[in-house]
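Chain by chain, the residues run as shown.
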Amino acid sequence: MQLRFLGAESGGNAIARDMSPVIGAIGTSKFEDSLLSMARNAARCTHLTAFSSSLSSEASRAPRALIALNCGKAPIARQLASTYIRHYWNLDPANSLLKSELRVGRRAMLRLQSHEIENLAYRRECYRSVDLIDRFSLIKALGNEVVRINFYRKASSGRFSEADLVALSTLADLAITAIGKHDALNSLRATEAPYDRYCRRLALSAPRLSSREIQVCAQIVMGLRSDAIAHELGLSINTILSHRRRAYAKLEISSQTELFHMLLD
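Figured I'd write up the structure that's included with this text. All figures in this text were calculated on a predicted structure; none of them were measured in a lab.

Focus on the packing of helix H7 (residues 194-205) against helix H11 (residues 256-264)
When two helices pack together, you describe them by how their axes are tilted relative to each other and by the distance separating the axes. Interaxial distance between H7 and H11 falls to 10 Å at its minimum, and their mutual angle equals 95 degrees. As summarised for this structure, H7 and H11 are arranged roughly perpendicular, according to the angle between their axes. Each of Tyr198, Arg201 and Leu202 in H7 lies in contact with H11, whose residues at this interface are Met262, Leu263 and Leu264. For the contact of H7 with H11, the residue count by class is 5 nonpolar, no polar and 1 charged.

Quick look at the pairing of strand S4 (residues 132-142)
When you tally the buried positions in S4, you get 10 out of 11 residues, the bulk of the element. As paired strands, S4 and strand S5 (residues 145-154) are joined by 10 bridges and run antiparallel to one another. Bridging from a neighbouring strand, Lys140 pairs with Val147 of S5.

Looking at the packing of aromatic side chains
Scanning the model with the defined rule gives 7 aromatic pairs in all. With a centroid separation of 5.9 Å and 75 degrees between ring planes, the pair formed by Tyr122 and Tyr127 is classed as edge-to-face. The exposure class of Tyr122 is buried, given its relative accessible area of 1%. Residue Tyr127 is classed as buried on the basis of its relative accessible area of 2%. Between Tyr127 and Tyr152, the ring centres sit 6.3 Å apart and the planes meet at 55 degrees, which makes this aromatic pair tilted. Remark: Tyr152 occurs in strand S5 and Tyr127 occurs in the loop between helix H5 (120-126) and S4; sequence separation between them is 25 residues. Put simply, the rings of Phe51, Tyr84, Tyr88, Trp89, Tyr122, Tyr127 and Tyr152 touch in pairs and so form one group of aromatic residues.

Comments concerning the state of the cysteines
A full pass over the atoms with the stated rule returns 0 disulfides. Between Cys71, a cysteine without a disulfide, and Cys45, which holds the nearest cysteine sulfur, the sulfur-to-sulfur distance is 8.9 Å. Not part of a disulfide, Cys199 finds its nearest cysteine sulfur in Cys217, a span of 9.3 Å. A relative accessible area of 17% means that Cys199 is categorised as buried.

Thoughts on the nonpolar core
Formed by 31 residues in total, the largest nonpolar core has its most connected members in Phe31, Leu35, Ile149 and Phe151. Of all the secondary structure elements, the ones that give two or more residues to this core are helix H1 (11-24), helix H2 (31-43), strand S1 (47-54), strand S2 (64-70), S4, S5 and helix H6 (162-191). With 8 residues, the single largest contributor to this core is H6. Beyond its immediate chain neighbours, meaning those up to four positions away, Leu35 contacts Val22, Leu48, Ile67, Leu69, Ala175 and Ile179. One finds Ala230, Ala247, Tyr248 and Ile253 within the second-largest nonpolar core, a separate group that totals 21 residues.

Examining the side chain of His243
Locating His243 in the fold gives a position in helix H10 (residues 237-251). When its relative accessible area of 11% is taken as the criterion, His243 is described as buried. Contact partners of His243, with chain neighbours within four places excluded, come to Arg212, Glu213, Val216 and Leu235.

Side note on the environment of Asp18
Within the secondary structure, Asp18 sits in helix H1. With a relative accessible area of 14%, Asp18 lands in the buried category. Separated by 23 residues in sequence, Asp18 and Asn41 have C-alpha atoms that sit 7.8 Å apart. Every residue in contact with Asp18, bar those within four places of it in the chain, is listed here: Met38 and Leu171.

A look at the side chain of Ser114
Secondary-structure assignment places Ser114 in the loop between strand S3 (107-113) and H5. For Ser114, a relative accessible area of 3% puts it in the buried group. In contact with Ser114, other than residues within four places in its own chain, are Arg123, Tyr127, Arg128, Leu132 and Ile133.

A closer look at the sheet that holds S5
Sheet architecture is open: 5 strands sit in the order S2-S1-S5-S4-S3, paired in antiparallel fashion. With one partner strand each, in any of the chains shown, S2 and S3 form the two edges of the open sheet. On average, each strand axis in the sheet is inclined to that of its neighbour by 15 degrees, with strand direction left out of account. As judged from the 8 bridges shared by S1 and S5, these two strands associate in the antiparallel manner. Of the residues in S5, the one forming a bridge with Ser54 is Glu145. Of the strands in this sheet, S1, S2 and S5 are in contact with H2, which crosses S2 at around 65 degrees. Against the sheet, helix H3 (residues 76-88) touches S1, S2 and S5, its axis set at about 145 degrees to S2.

Reading the values: rules and limits
- Residues numbered from 1 in each chain as written.
- Predicted model: local features only at pLDDT ≥ 70, side-chain atom pairs only at ≥ 80, totals over all residues.
- Heavy atoms only, no water.
- Axes fitted to C-alpha atoms, helices over the stretch in contact; angles between N-to-C directions.
- Helix = DSSP H or I, 4+ residues; strand = E, 2+ residues; numbered from the N terminus.
- Parallel < 35°, antiparallel > 145°, perpendicular 65-115°, else oblique.
- Contact = heavy atoms within 4.5 Å.
- Nonpolar A, V, L, I, M, F, W, Y, C, P; charged D, E, K, R; others polar.
- Buried < 20%, exposed > 50% of the residue type's maximum accessible area, 1.4 Å probe, protein only.
- Pairing = 2+ DSSP bridges.
- Phe/Tyr/Trp six-rings, centres within 6.5 Å; stacked < 30°, edge-to-face > 60°.
- Disulfide = S-S within 2.5 Å.
- Core = buried A, V, L, I, M, F, W, Y, C linked by side-chain atoms within 4.5 Å.

Here it is as structure tokens:
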């Protein structure tokens with residue numbers, strides 16, 4: 001057995017520290033907050049967006065916003081992302097790069113400051129209206145799909161420094177991977193039956209539960225009473241009550257309401 005004390009935090013450890021909460025939150029409601037918190041800690045970013053589009057200019061699939069986040073309660077970034085896709089996508093230099101330079105397997109970085117945007121309406125609606133002045137983007141070609149993550153700074157925070165750009169360059173690759181995994185899980189969830197979703201969430205969040213305990217808890221959240229669950233699973237009511245009691249103990253809850261909060265939040 002070996003015991004070693006670690007020294008001062010290295011660059012690799014700093015990346016792990018910033019990205020660990022993000023990776024741990026993939027597929028959950030906490031993912032977006034974790035991602036924005038990472039961007040704020042790394043370089044005082046106030047907005048964060050990610051878009052997916054086709055690498056082929058002949059493809060008919062429209063660009064899609066994967067993530068659109070901002071500090072504060074109002075969904076400003078989501079509204080801007082929608083406006084940007086509808087009206088200004090083709091005016092963005094990053095997307096011109098996709099058409100002319102980017103190839104499968106390649107990646108590029110692009111910095112765009114608000115005063116460099118030539119189209120006045122684009123500059124006004126997507127930057128000046130919310131006081132954004134600086135954007136750093138990492139663009140990756142993954143198969144026939146292009147994913148771009150954008151980090152923004154407001155005038156009140158000042159423009160990105162070189163140190164900020166280094167930090168974001170290091171984190172952006174991992175962030176794009178995390179966003180892709182989160183989006184894939186959300187897409188699966190959209191087509192997944194509620195019962196299957198509850199069973200999956202229980203299996204992930206409480207691996208100590210037996211398969212029967214997971215089934216009973218999922219049926220409870222579906223709104224079934226103990227006698228109906230017994231009929232559904234072909235078990236006696238007493239067996240169902242025993243499974244429920246053991247499951248609640250393992251989950252450290254004491255009521256059906258707490259179970260609902262755990263699976264429906």
